[in-house]
Amino acid sequence: MIGNIDDLLNFTKDLFQKKELKPVFLQVAGVAQYLWNRGWAERNAGNFSINLTGFFHERELDRFSTYPFFPLSKEYPELSRTIFLVSGTGTRMRDMADNPAENLCFVYISDSGSAFHIIGDNHDGDYVKPTSELITHLAIQQQLLQKKSPEKVVLHAHVTELIALTQLAPFKSEEAVNSLLWGMHPETLLFVPDGVGFVPYTLAGTEHIAMETLSKLENHKAVLWEKHGCLAIGNTLHDAFDTLDILAKSAKIYLLCKSTGMEPEGLTPAQLQEIRQTSDK
Ligand code: 13P
Ligand code: ZN
């Protein structure tokens, strides 16, 4: 049942003012600004979801089920009665940085896990709709919950340097791209020891890309989407951004070296081994 529109609007307003969520909104604004500054978020590029279920009481969750709902093409039983902060489809990260509330929405998953309710800022009689990549975000968030993983955030961006690598034939495999990325900077191996997963080109927003990405996240914290972008999971939005940033740094060093007309040396196997041993301690 859909609730009284004035009640819903007031409740939505309170939600965006909720004191406990202030740090989350600040982080959203900060990371959106970084993505824009890095040039990884042209037009509406990039999206994110953050599991905020822990911030709400059962009573508040009941309230979310009175908002307009939309069926999902498949069921996400583990996501029953969970709530996510999700970037709006078509919204710009540079606008998100200035005003998060007008560029994102809350997505609440129904009891059955087969529909979602949108709780958003209803300005001009319309409200922000979730990213077109919602099914990928939900599939990943469900897997994180199933595995009781600490990560609450999924972040996707058009990381230019990484996209450029996926345009180069020698790096279209997990083995090749990880060996390149680890070899370009010691901290890449240190902070991304499991490397990135590689998903061959697939149309975005589809069940197929969701499933391919899900399987890669079994063993990695970040996934490259060939000729499109990168996605990372993290405990916080900053965490996920850091992973993208570290990977981009390695890619950039490689591309800079190549722009001199010379081949970078890369870290030697012995140096890489030394880093692995240090990080195992
Ligand atoms: P949305 O605006 O729908 O989030 O799409 C952006 C994007 O990067 C798609 O891959
Ligand atoms: Zn994209």
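The structure this text deals with has already been given above.
Quantities reported herein were computed from a predicted structural model and do not represent experimental measurements.

Caption draft 1: Inspection of the overall build of the chain at higher detail. Scanning the chain from N- to C-terminus turns up eleven helices and nine strands. In terms of overall size, the chain behaves like a compact globule, its C-alpha atoms giving a radius of gyration of 20 Å where 281 residues would be expected to give roughly 19 Å. Projected onto its principal axes, the C-alpha coordinates of the chain cover approximately 65 × 35 × 35 Å. Sequence separation of at least 24 residues holds for 75% of the intrachain contacts in the chain that already meet a minimum separation of 6. Accessible area of the chain: about 13,400 Å², with a carbon and sulfur share of 53%. Charge-centre separation for the chain: the mean point of 25 positive side chains lies 2 Å from the mean point of 35 negative side chains.

Caption draft 2: How the structure looks around helix 9 (residues 207-216). For helix 9, the complete set of buried residues consists of Ile209, Ala210, Thr213 and Leu214. Angular distribution of buried residues about the axis of helix 9 spans 135°; they occupy a single face of the element. Elements in contact with the buried residues of helix 9: helix 5 (134-146), strand 7 (196-199), strand 8 (222-225) and strand 9 (229-234).

Caption draft 3: Geometry of helix 5. Under the 1.5 Å per step criterion, the end-to-end length of helix 5 is 18 Å for 13 residues, consistent within 8% with the ideal 18 Å. Positive phi shows up at Lys148, right after helix 5, with a value of about 50°.

Caption draft 4: Representation of the pattern of salt bridges. Inspection of the entire model under this criterion finds 13 salt bridges. A salt bridge links Lys216 to Glu174; the nearest nitrogen and oxygen atoms lie 3.1 Å apart. Within this pair, whereas Lys216 is found in helix 9, its partner Glu174 is found in helix 7 (residues 174-184), the two being separated by 42 residues in sequence. Taking relative accessible area as the criterion, Lys216 reaches 22% and is therefore assigned partly exposed. Take Glu174: its relative accessible area is 25%, and that puts it in the partly exposed class. Several salt bridges converge on common partners, so that one network encompasses Glu58, Asp62, Arg81 and Asp111.

Caption draft 5: Layout of the side chain of Lys18. If you trace the backbone, Lys18 turns up in the loop between helix 1 (5-17) and helix 2 (22-38). Sequence-distant contacts of Lys18, that is, excluding residues within four places in its chain, are made with Phe55, Phe56 and Glu60.

Caption draft 6: The arrangement of empty space enclosed by the protein in detail. What the rule picks out here adds up to one cavity of 30 Å³ or more. Counted as a void, the largest cavity has a volume near 40 Å³. Along its surface, the largest cavity is lined by Asn51, Gln141, Leu144, Leu145, Glu151 and Lys152. Here the lining of the largest cavity takes three residues from helix 5, the largest share from any one element.

Caption draft 7: Quick look at the pairing of strand 7. Burial along strand 7 is two-sided: the face carrying Val196 and Phe198 and the face carrying Gly197 and Val199 are both buried. Where strand 7 lies against strand 8, four bridges are found, and the strand directions are parallel. Bridge pairing in strand 8 links Phe198 to Leu224. Following the chain from strand 7 across helix 9 to the adjacent parallel strand 8, one finds a crossover that is right-handed.

Caption draft 8: Looking closely at the site of ligand 1. Around ligand 1, the structure places Asn44, Ala45, Gly46, Asn47, Thr89, Gly90, Thr131, Ser132, Glu133, His156, His158 and His228. Thr131 is positioned with one of its side-chain polar atoms (N or O) 2.7 Å from an oxygen atom of ligand 1. Relative to its free-state accessible area of 300 Å², ligand 1 is covered by the protein chains to the extent of 92%. Taken together, the residues of the shell around ligand 1 break down into one nonpolar, ten polar and one charged.

Caption draft 9: Region of interest: the packing of helix 7 against helix 10 (residues 237-259). Axis separation between helix 7 and helix 10 bottoms out at 8 Å; the angle between their running directions is 85°. In terms of orientation, helix 7 lies roughly perpendicular with respect to helix 10. Residue-level inspection shows Leu180, Leu181 and Met184 of helix 7 in contact with helix 10, the latter providing Leu247, Ser250, Ala251, Ile253 and Tyr254. Residue classes in the contact of helix 7 with helix 10 are distributed as seven nonpolar, one polar and no charged.

Thresholds applied
Residues numbered from 1 in each chain as written. Chains lettered and ligands numbered in written order. Predicted model: local features only at pLDDT ≥ 70, side-chain atom pairs only at ≥ 80, totals over all residues. Heavy atoms only, no water. Helix = DSSP H or I, 4+ residues; strand = E, 2+ residues; numbered from the N terminus. Rg over C-alpha atoms; globule rule 2.2 N^0.38 Å. Contact = heavy atoms within 4.5 Å. Areas by Shrake-Rupley, 256 points an atom, 1.4 Å probe, with all protein chains shown as cover. Lys, Arg positive; Asp, Glu negative; His and termini not counted. Charge placed at Lys NZ, Arg CZ, Asp CG, Glu CD. Buried < 20%, exposed > 50% of the residue type's maximum accessible area, 1.4 Å probe, protein only. Arc of directions from axis to C-beta. Expected span 1.5 Å × (residues − 1). Salt bridge = Lys/Arg side-chain N within 4 Å of Asp/Glu carboxyl O. 1 Å grid on protein atoms, 1.4 Å probe; cavity = no way out; pocket = protein on both sides within 12 Å on 5 of 7 lines; lining within 4 Å. Points joined across faces, edges and corners; volume = space filled by probe spheres on them. Pairing = 2+ DSSP bridges. Right-handed = clockwise from strand over helix to strand, strands pointing away. Near = heavy atom within 4 Å. Polar contact = N/O pair within 3.5 Å; in protein donor to acceptor, adjacent residues only side chain to side chain. Nonpolar A, V, L, I, M, F, W, Y, C, P; charged D, E, K, R; others polar. Axes fitted to C-alpha atoms, helices over the stretch in contact; angles between N-to-C directions. Parallel < 35°, antiparallel > 145°, perpendicular 65-115°, else oblique.

Everything listed is a geometric property; what it means functionally is a separate question.
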